[in-house]
Amino acid sequence: MTLGHDATGYVDRVGSSVHHLHVGDRVVMESALSCGICDYCKRGLYNICADLIYNGFLASYQTHPADLCHRLPDSIGMDEGTLAQTLAMGCQACFKADISPTSNVLIIGTTPTAVSAAMCAMAIGAKKVTIAGTMDSALEMIDRELGYHTIHYDANALFGEVLEAVYCKFQEWPNCAINCAITPMTMNLAVMALQPCSVCVLAECESECASFNALDILMKNIRLVPSFRSANM
Ligand SMILES: [Zn+2]
């Protein structure tokens, strides 16, 4: 098994039926290989293919399907290109949230996917974007390098304290949450913080099991949307 995902590379050879890539092209690769023949793959939902395997790229050469290699524009360097897959996950979460200029977006978590979701939400033109998390150093970097609004909360903080911080940042309750750190605590936090008829996108898990209050979701008419890995981005 070869380790390593999120990679860019140079095309060394192409198959006879590959016409969109040429030797020497700089490309970024989607590392997940789907079966291509199951019902989900046929519907374009190859991110949830049950037979997904991963190609690793910590190697001098790797054979990879041409349709999962995407040519980089001249303006994108090889280092930046390696982040394309992460950016795709953040963008997919935003697209699933239907973000618009009236969206107050609460992003929970400080993972690369969370940061890319914040960047995408800002680029779409969301009204306000705030990242909430427990990692002080990551939030400081996000604040310093990107100038985004952040909320630091302690993992053992009371819901009331965190909710107050959320309300203070937005000066109202958010109408969109993108949870990139799914735990029982953050799911309940998102549902409590959201206005009725909001959307909550489930993007990344921090715990293996996350139970939350389904009654709150029902009573507030909150739309839960899964955004697992990424596809067709
Ligand atoms: Zn499949």
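Residues numbered from 1 in each chain as written. Predicted model: local features only at pLDDT ≥ 70, side-chain atom pairs only at ≥ 80, totals over all residues. Heavy atoms only, no water.

Colleague: Describe the overall build of the chain, and please don't skip the residues or the numbers.
Modeller: From N to C terminus, the chain includes eight helices and 11 strands. Over its C-alpha trace the chain gives a radius of gyration of 19 Å, about what one expects of a compact globule, namely 17 Å for 233 residues. Each of the three principal axes of the chain carries a C-alpha extent, and together these read 60 × 40 × 35 Å. Every one of the 233 residues in the chain was classed for burial, and the buried ones make up 45%. Expressed as a percentage of contacts within the chain between residues at least 6 apart in sequence, the contacts between residues at least 24 apart total 62%. (Helix = DSSP H or I, 4+ residues; strand = E, 2+ residues; numbered from the N terminus. Rg over C-alpha atoms; globule rule 2.2 N^0.38 Å. Buried < 20%, exposed > 50% of the residue type's maximum accessible area, 1.4 Å probe, protein only. Contact = heavy atoms within 4.5 Å.)

Colleague: Give me the lowdown on the sheet that holds strand E1 (residues 8–10), citing residues and values where you can.
Modeller: As summarised here, the arrangement of the three strands in space is E1-E2-E5, forming an open sheet in which the pairing is antiparallel. The open sheet has two edge strands, E1 and strand E5 (69–71), and neither has a second partner. The mean inter-strand angle of the sheet, taken between neighbouring strand axes irrespective of direction, is 40°. (Pairing = 2+ DSSP bridges. Axes fitted to C-alpha atoms, helices over the stretch in contact; angles between N-to-C directions.)

Colleague: Give a detailed account of the packing of helix H6 (residues 159–170) against helix H7 (residues 184–193), specifying residues and quantitative values.
Modeller: The interhelical angle for the contact between H6 and H7, taken along N-to-C directions, is 50°, at an axis separation of 10 Å. On the basis of their axis angle, the class for H6 and H7 is oblique. Between H6 and H7 the crossing geometry is right-handed. Where H6 approaches H7, its residues Phe159, Val162, Leu163 and Val166 are matched on the opposing element by Met185, Asn188, Leu189, Met192 and Ala193. When the residues that make up the contact of H6 with H7 are grouped by side-chain class, the tally is eight nonpolar, one polar and no charged. (Parallel < 35°, antiparallel > 145°, perpendicular 65-115°, else oblique. Left-handed = near helix turned anticlockwise from the far one by under 90°. Nonpolar A, V, L, I, M, F, W, Y, C, P; charged D, E, K, R; others polar.)

Colleague: Talk me through the UniProt feature "domain: Alcohol dehydrogenase-like N-terminal" (unreviewed entry) in the chain; I want residue IDs and the actual numbers.
Modeller: In this structure's numbering, the residues bearing the UniProt feature "domain: Alcohol dehydrogenase-like N-terminal" (unreviewed entry) are residues 1–74. Helix makes up 5% of residues 1–74 and strand makes up 19%, while its end C-alpha atoms are separated by 32 Å. (UniProt positions renumbered as here; feature names shortened; annotations may be inferred.)

Colleague: Could you give an account of the sheet that holds strand E7 (residues 128–133), with specific residues and numbers?
Modeller: Spatial strand order, E8-E7-E6-E9-E10-E11: six strands in an open sheet with parallel pairing. Here the strands that pair on one side only, and so sit at the sheet edges, are strand E8 (149–152) and strand E11 (223–226). Strand-to-strand twist across the sheet, computed as the mean angle between neighbouring axes with direction ignored, equals 20°. Lying on the sheet, helix H3 (residues 84–96) is in contact with strand E9 (176–179), strand E10 (199–202) and E11; it crosses E11 at an angle near 150°. Contacts from H6 reach strand E6 (104–108), E7 and E8 within the one sheet, and its direction differs from that of E8 by about 165°.

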